[in-house]
Amino acid sequence: FLIYSFIQHSIKRELTISRENLSITLRSIGDAVIVTDTKGKINNMNPVAETLIGLTFSEAKGKGIDEVLNLVNAVTRKKSDNPVESVLRTDRTVKMSTQTILVTKDKIEYVVSDSAAPIFNNEQEITGVVLVFSDMTESHKQAQRLRESEERLKLAINGTKAGLWDWFIPAGKMVINERLAEIIGLENSQRESFGFETWKKLVHPEDLIRLEELLEKHLDGRTDFYECETRLKHGSGEWVWVIIRGMVVSRDTLGNPLRMTGTQIDISNQKRIELALKAQMEDNLALNEEYISQNEELIRNLEHIRKINDELQEAKQNAEESYRLKSAFLANMSHEI
């Protein structure tokens, strides 16, 4: 009897320790944990689960999962399958859709990642189900914002028809997209071996010094942004005008640049228009100077004519005065005679 009592006491003590360890483990887990029996009734849960579903363990104890968990699909808004029933039916672990939403009794919605697994005893019999689910709301929002940002960037790039480049500086390797390859007339098969030195060889010799000066300033950290207009040799042999923009996105602990990314836009049409307008302006300036010269010559001629007119007017006045005096003299002589 004493031995039996001792064994019973030892068993109870081990069970107590086991329950305490289980309780400590449940409380220390960062995810929400709910444990049910084989009938799907809740018999344990941790504080994270209490906070997430808005019920205390005493309020949820003995209730079915569907009574405390309102799980719906984020897209269709249809009620999700009961994970406990799925486990008990298949004897296997099941995972909920990544688009599952937990709706609390206060109508607060959480995006959750959920899995349910069977609990086996030593005889490999199912004694219950454990549900573990994480609040993925914030990470889901961040992922959504990232997707929206990427979509806006994609639309912006498509709208501007920009080529993209990613330069891994120490290795000299450049990753470019199809649009950039198209701008410089590069075959897709050549993109894999494309590097900075290859790209630099495409730059027009007259533009290379200025391009390298601006690039060096940015790599040294003296400018926040890199921007340069240059001519690149197209695969067809023609020169295309491009505007290159970019910035260093990664440096080592010593400040040395490791990676630089940016865009390249074909501005050949704009440049042709700009050069044509510049040539037209130069022609207009030349014509204007010619008009000014002709106008100055005309002014000089007009001044000369005006001077001649003044001289003629004076001569006329002198002639008239002479005629008047002559007439008066003749009249006087006639009277005397």
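Up top is the structure these notes are about.
Residues numbered from 1 in each chain as written. Predicted model: local features only at pLDDT ≥ 70, side-chain atom pairs only at ≥ 80, totals over all residues. Heavy atoms only, no water.

A. Molecular detail of a nonpolar patch on the surface. Residues Phe225, Met247 and Val249 make up a contiguous nonpolar surface patch of about 270 Å² in total accessible area. Along the chain, methionine 247 falls in strand E11 (residues 239–251). (Patch = residues over 30% accessible without salt bridge, like charges linked within 9 Å, V, L, I, M, F, W, Y side chains within 5 Å. Areas by Shrake-Rupley, 256 points an atom, 1.4 Å probe, with all protein chains shown as cover. Salt bridge = Lys/Arg side-chain N within 4 Å of Asp/Glu carboxyl O. Helix = DSSP H or I, 4+ residues; strand = E, 2+ residues; numbered from the N terminus.)

B. Region of the structure containing the nonpolar core. Trp165, Trp167, Ile184, Phe194, Trp199, Leu232 and Met260 are the most contacted members of the largest nonpolar core, which has 26 residues in total. Among the elements that line this core, the one with the most residues is E11, at 4 residues. Contacts of phenylalanine 194, omitting those with residues within four sequence positions, involve Lys173, Met174, Ile176, Ile184, Leu186, Trp199 and Leu202. (Core = buried A, V, L, I, M, F, W, Y, C linked by side-chain atoms within 4.5 Å. Buried < 20%, exposed > 50% of the residue type's maximum accessible area, 1.4 Å probe, protein only. Contact = heavy atoms within 4.5 Å.)

C. The arrangement of a negative patch on the surface in detail. Taken together, the side chains of Asp66, Glu67, Asp81 and Glu85 make up a negatively charged region of the molecular surface. Following the sequence through the fold, aspartate 66 ends up in helix H4 (residues 65–68). (Lys, Arg positive; Asp, Glu negative; His and termini not counted. Charge placed at Lys NZ, Arg CZ, Asp CG, Glu CD.)

D. Expanded view of the pairing of strand E2 (residues 42–45). When strand E1 (residues 32–36) meets E2, the two strands line up antiparallel, connected through 3 bridges. Along E2, the bridge assignment pairs valine 35 with asparagine 44. In this structure, the hairpin formed by E1 and E2 is closed by a connection of 5 residues, where glycine 40 is found at a positive phi of approximately 80°. (Pairing = 2+ DSSP bridges.)

E. Molecular detail of the sheet that holds strand E9 (residues 173–176). Taking strand neighbours across the sheet as the criterion, the 5 strands line up as E9-E8-E12-E11-E10 in an open arrangement whose pairing is antiparallel. Where the open sheet ends on each side, the last strands, each with one partner, are E9 and strand E10 (226–233). Each strand of the sheet is rotated relative to its neighbour by a mean of 25°, with strand direction disregarded. Together, E10, E11 and strand E12 (257–266) form the strand contacts of helix H10 (residues 268–336), whose direction differs from that of E11 by roughly 125°. (Axes fitted to C-alpha atoms, helices over the stretch in contact; angles between N-to-C directions.)

F. The side chain of serine 80, seen in detail. With respect to the helices and strands, the residue serine 80 is situated in the loop between strand E3 (70–73) and helix H5 (83–90). Each residue touching serine 80, except ones within four places of it in the same chain, is listed here: Leu71, Val72, Asn73, Met96 and Thr100.

G. Region of interest: the pairing of strand E5 (residues 100–103). Of the two faces of E5, the one lined by Thr100 and Leu102 and the one lined by Ile101 and Val103 are each fully buried. Relative to E5, E3 runs antiparallel, the two sharing 4 bridges. Bridged to valine 72 within E5 is isoleucine 101. Of the pairings in the sheet, the one linking E5 to strand E6 (residues 109–120) comprises 4 bridges and is antiparallel in character.

H. Quick look at the packing of aromatic side chains. Within the structure shown, the criterion is met by 2 aromatic pairs. Considering the side-chain rings of tryptophan 167 and phenylalanine 196, the 4.2 Å spacing of their centres and the 10° angle between planes classify their relative orientation as stacked. Placement of the pair is tryptophan 167 in strand E8 (residues 163–168) and phenylalanine 196 in helix H8 (residues 196–201), with a sequence separation of 29 residues. Its relative accessible area of 6% is what places tryptophan 167 among the buried residues. Chaining the aromatic ring pairs together yields one cluster made of Trp167, Phe196 and Trp199. The positively charged end of lysine 271 is found above the aromatic ring belonging to tryptophan 241, 4.6 Å away from the centroid. (Phe/Tyr/Trp six-rings, centres within 6.5 Å; stacked < 30°, edge-to-face > 60°. Lys NZ or Arg CZ within 6 Å of the ring centre and 35° of its normal.)

I. Seen up close, the pattern of salt bridges. Within this structure, the stated rule accounts for 14 salt bridges. For the salt bridge of glutamate 206 with arginine 231, the shortest nitrogen-to-oxygen distance reads 3.1 Å. Taken together, the residues glutamate 206 in helix H9 (residues 205–219) and arginine 231 in strand E10 connect sequence positions 25 residues apart. Since its relative accessible area comes to 17%, arginine 231 is described here as buried. Among the ionic pairs, lysine 271 bridges to glutamate 274, the shortest N-O distance being 3.3 Å. In this pair, lysine 271 and glutamate 274 are both assigned in helix H10, 3 residues apart and thus about one turn of the helix distant. Its relative accessible area of 9% is what places lysine 271 among the buried residues. You can call glutamate 274 partly exposed: its relative accessible area is 43%.

J. Seen up close, unusual backbone geometry. Even without a glycine there, the phi angle at aspartate 91 is positive, about 60°. For aspartate 91, the location among the structural elements is in the loop between H5 and strand E4 (94–95). One non-glycine residue, glutamine 124, lies in positive phi territory at about 60°. Counting through the fold element by element, glutamine 124 comes out in the loop between E6 and strand E7 (126–135). Among the residues examined, glutamine 124 registers a relative accessible area of 58% and is labelled exposed.

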